[in-house]
Amino acid sequence: MNTLTKLALGLMGHNPPRPPVGDAKKTLALPPPHREGGLPLMEALARRQSLREFAPTALDEQTLSDLLWAAAGINRPALGGRTAPSAMNAQEVLLYAAMPQGLYRYEPEAHELQLAETSDVRRVTGYQDFVDDAALDLVYVGDHGRMGRVPAAQRTAYACAAAGAMAQNVYLFCASAGLATVVRAWFDRDALARAMGLGNDQQLLLAQTVGRTKV
């Protein structure tokens, strides 16, 4: 679906997700992430870039595992510490993965994906046309219910800072793994919140498309 069509449907309040493709398992177990290898940090930074053309090829399980761990995984098990910072360790940013078979929420403690919605919400994650058929659209959601110690006026800023750190982790992983990615904030927030079944205390922050580079 092109951008103009999405904008028109948004104005009419009608931009629904698509039916899922294939079976949506309630839990997707992920293989242990690779914690070694990849490009040196400075080389990954040199290659970091936004790309907006994606092949529809699905990511293999190991790549998906490594990507999600890089974004929000636990890197210090004894402390429960994550790969991205969170003020007061609130861990207020929930990471969702929109794929053809359904919408999943990443659970760092178990390192697995839990089914959130049995529908293909990829096209609702942005007005851009490429989001519809890319292998993966990540969605970063701030859960204000987890931020009880943060003053209400500061919660959005704190959550956005944490989401930005997570998105940059994804950028660096993609640079190292030869994947394409782009972070986005241009989407129909009401339509996406409905499609994801979000609650009143949950705030859409960012989306990020990831996939193989289109040849």
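Here the structure is a predicted model, which means the values were calculated and not measured.

How each quantity is defined
Residues numbered from 1 in each chain as written. Predicted model: local features only at pLDDT ≥ 70, side-chain atom pairs only at ≥ 80, totals over all residues. Heavy atoms only, no water. Phe/Tyr/Trp six-rings, centres within 6.5 Å; stacked < 30°, edge-to-face > 60°. Helix = DSSP H or I, 4+ residues; strand = E, 2+ residues; numbered from the N terminus. Buried < 20%, exposed > 50% of the residue type's maximum accessible area, 1.4 Å probe, protein only. Contact = heavy atoms within 4.5 Å. Polar contact = N/O pair within 3.5 Å; in protein donor to acceptor, adjacent residues only side chain to side chain. 1 Å grid on protein atoms, 1.4 Å probe; cavity = no way out; pocket = protein on both sides within 12 Å on 5 of 7 lines; lining within 4 Å. Points joined across faces, edges and corners; volume = space filled by probe spheres on them. Nonpolar A, V, L, I, M, F, W, Y, C, P; charged D, E, K, R; others polar.

Q: Quick one: what's the story with the packing of aromatic side chains, residue by residue and with numbers?
A: Considering all chains together, one arrives at two aromatic pairs under this definition. Ring geometry for Phe54 and Phe130: centres 5.5 Å apart, planes at 40°, overall tilted. Residue Phe54 is found in the loop between α2 (41-47) and α3 (61-72), and its partner Phe130 is found in the loop between β6 (112-117) and β7 (136-143); the two are separated by 76 residues along the sequence. The buried category is assigned to Phe54, whose relative accessible area is 9%. The class of Phe130 is buried, set by a relative accessible area of 15%. Considering the side-chain rings of Tyr127 and Trp186, the 4.9 Å spacing of their centres and the 50° angle between planes classify their relative orientation as tilted. Of the two residues, Tyr127 is situated in the loop between β6 and β7 and Trp186 in the loop between β8 (179-184) and α5 (189-196); the sequence distance between them amounts to 59 residues. For Tyr127, a relative accessible area of 12% puts it in the buried group. On the basis of relative accessibility, which here comes to 43%, the residue Trp186 falls in the partly exposed class.

Q: Describe the environment of Thr181, listing the residues and the values that go with them.
A: Inspection of the secondary structure puts Thr181 in strand β8. Once the C-alpha coordinates of Thr181 and Arg52 are considered, the two residues, 129 residues apart in sequence, prove to be 7.1 Å apart. Leaving out residues up to four positions away in the same chain, Thr181 has contacts with Gln49, Ser50, Leu51, Phe54, Val170, Tyr171, Cys174, Gln208, Thr209 and Val210. Within the local environment of Thr181, its side chain forms a polar contact with the side chain of Gln208, the two groups lying 3.3 Å apart. Side-chain polar atoms of Thr181 contact the backbone oxygen of Thr209, separated by 2.8 Å.

Q: Provide a residue-level description of empty space enclosed by the protein, including the pertinent values.
A: Counted according to the given criterion, the structure contains one cavity of 30 Å³ or more. Among the elements of the structure, α3 and α4 (155-177) are those that each provide at least two residues to the lining of the largest cavity. Tallied by class, the residues present in the lining of the largest cavity amount to seven nonpolar, two polar and two charged.

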